[in-house]
Amino acid sequence: MENDSLADQIVKVANWVTAARGVVIFTGAGVSTESGIPDFRSPGGLWEKYDPDDFLYQKIISSEESRRKYWKMHSELYYTITQSDPNPAHFACVELDKMGKLDCLITQNIDNLHQKAGLPEEKILELHGNSMKVLCLSCGKQYRRDEIQEWLENGIEAPSCEECNGILKPATIAFGQAMPQRETEEAVEKSRNCELFIAMGSSLVVHPAALMPLYAKEGGARLVIINLTSTPYDDQADLIIRGKAGEVIFSIVERVKKEVGKDLSGTTD
Ligand code: NAD
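Predicted model only: the values in this text are computed from it and were never measured.

1. Considerations on the packing of aromatic side chains
Right, so step 1: Tallied over the entire structure, the rule returns five aromatic pairs.
Right, so step 2: Taking 5.8 Å as the distance between ring centres and 70° as the angle between the ring planes, the aromatic pair formed by Y78 and Y79 counts as edge-to-face.
Right, so step 3: On the basis of relative accessibility, which here comes to 12%, the residue Y78 falls in the buried class.
Right, so step 4: The ring of Y143 carries K141 above its face, with NZ or CZ at 5.1 Å from the centroid.

Okay, structure coming up:
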């Protein structure tokens, strides 16, 4: 496996995708770095600027000071995200879906770029929420993120709900906050029952999301990891591709298109 060239690895994964009934793709911040959104852990990432300990859920709900810092970080992220466009990694997932090959996409990302690329909402399981929405933690009222951004720009540093004065928080999952139940249950079920699981652009260190590749392996799936750096689950993978997510998955999908096209035209070579 280690001696395979990148081209060989791409062909191998493309063959697995073609043969599989459906593929589960699992994405992390690394699929959006090619869109200009920094991940958290690479050099220059957000955790070089902010201390993740400040963003523990318990701190956010108990301290206005933490909420101010949290909103400051999210304000910065908002500008980056709204100025970013999907890249070939996002579009490749859409292409896979159009070919009927995508069972579902499980994402840890909060940047809405899979939706912006055109992937149908029902195919996406967001484990860590979506930063384009804001929720009241008391009454559940949902706000548009751009509305709250206006409040922030008008000097409100830690916004509260206009209905009940509850705490407003981006509809994302902070450290120590439970992942959404429906999405998590579906993601576990899809992971356990797939034939092929492709994890890309994730350090696979944020739990419990990072357990999805393990559930896939437990269920008998092949596991492919596409990531620039090593992950704690590399020893579980059937194939590891060290490359940029956009370039690698795009090449895989192009190859699958040719294979699927061959099937459709009835040729066998
Ligand atoms: P992470 O920052 O822990 O890891 C990203 C991984 O992607 C790294 O291992 C890095 O080597 C790799 N990587 C970077 N660019 C790549 C590329 N072009 N191709 C292939 N690999 C690349 O991210 P994570 O595992 O998703 O977990 C961190 C948490 O960060 C998640 O909960 C997520 O919600 C949040 N986050 C999301 C965004 C986003 O929505 N775009 C951005 C930053 C952080």
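That shown, we press on.
2. Some words on the packing of helix α3 (residues 64-82) against helix α6 (residues 145-153)
Right, so step 1: Relative orientation of the contacting elements α3 and α6 amounts to 120°, with a least axis distance of 11 Å. For the element pair α3 / α6, the angle class is oblique. Between α3 and α6 lies a crossing of left-handed hand. For the pair formed by α3 and α6, the contact residues are W71, H74, S75, Y78 and Y79 on the first element and R145, D146, I148, Q149, L152 and E153 on the second.

3. Brief notes about the pairing of strand β6 (residues 168-172)
Right, so step 1: Among the five residues in β6, five count as buried, and that is most of the element.
Right, so step 2: Where strand β4 (residues 129-136) lies against β6, four bridges are found, and the strand directions are antiparallel. Looking at β6, one finds that L135 is bridged to K169.

4. Regarding the nonpolar core
Right, so step 1: If you look at the biggest cluster of nonpolar residues, it comprises 33 residues, and the most contacted ones within it are V17, I25, I198, I226, I249 and I252.
Right, so step 2: Those elements giving two or more residues to this core turn out to be α1 (6-19), β1 (23-27), α4 (88-98), β2 (102-107), β7 (196-200), β8 (222-226), β9 (239-241) and α9 (245-265).
Right, so step 3: When residues of this core are assigned to their parent elements, the largest contribution, seven residues, is made by α9.
Right, so step 4: Those residues in contact with V17 that lie beyond four places of it in its chain are V23, L96, K101, L196, I198, I252 and V256.
Right, so step 5: Within the second largest apolar cluster, 24 residues are counted, among which are F197, A209, Y215 and I225.

5. Examining the environment of P52
Right, so step 1: In this structure, P52 sits in the loop between β1 and α2 (57-62).
Right, so step 2: Taking the relative accessible area as the measure of exposure, P52 reaches 24% and is therefore partly exposed.
Right, so step 3: Here the alpha-carbon distance between P52 and F175, two residues 123 residues apart in the chain, equals 8.1 Å.
Right, so step 4: Excluding residues within four positions of it along the chain, P52 makes contact with W47 and F175.

Calculation notes
Residues numbered from 1 in each chain as written. Predicted model: local features only at pLDDT ≥ 70, side-chain atom pairs only at ≥ 80, totals over all residues. Heavy atoms only, no water. Phe/Tyr/Trp six-rings, centres within 6.5 Å; stacked < 30°, edge-to-face > 60°. Buried < 20%, exposed > 50% of the residue type's maximum accessible area, 1.4 Å probe, protein only. Lys NZ or Arg CZ within 6 Å of the ring centre and 35° of its normal. Axes fitted to C-alpha atoms, helices over the stretch in contact; angles between N-to-C directions. Helix = DSSP H or I, 4+ residues; strand = E, 2+ residues; numbered from the N terminus. Parallel < 35°, antiparallel > 145°, perpendicular 65-115°, else oblique. Left-handed = near helix turned anticlockwise from the far one by under 90°. Contact = heavy atoms within 4.5 Å. Pairing = 2+ DSSP bridges. Core = buried A, V, L, I, M, F, W, Y, C linked by side-chain atoms within 4.5 Å.

As far as function goes, none of this settles anything; it's purely spatial.
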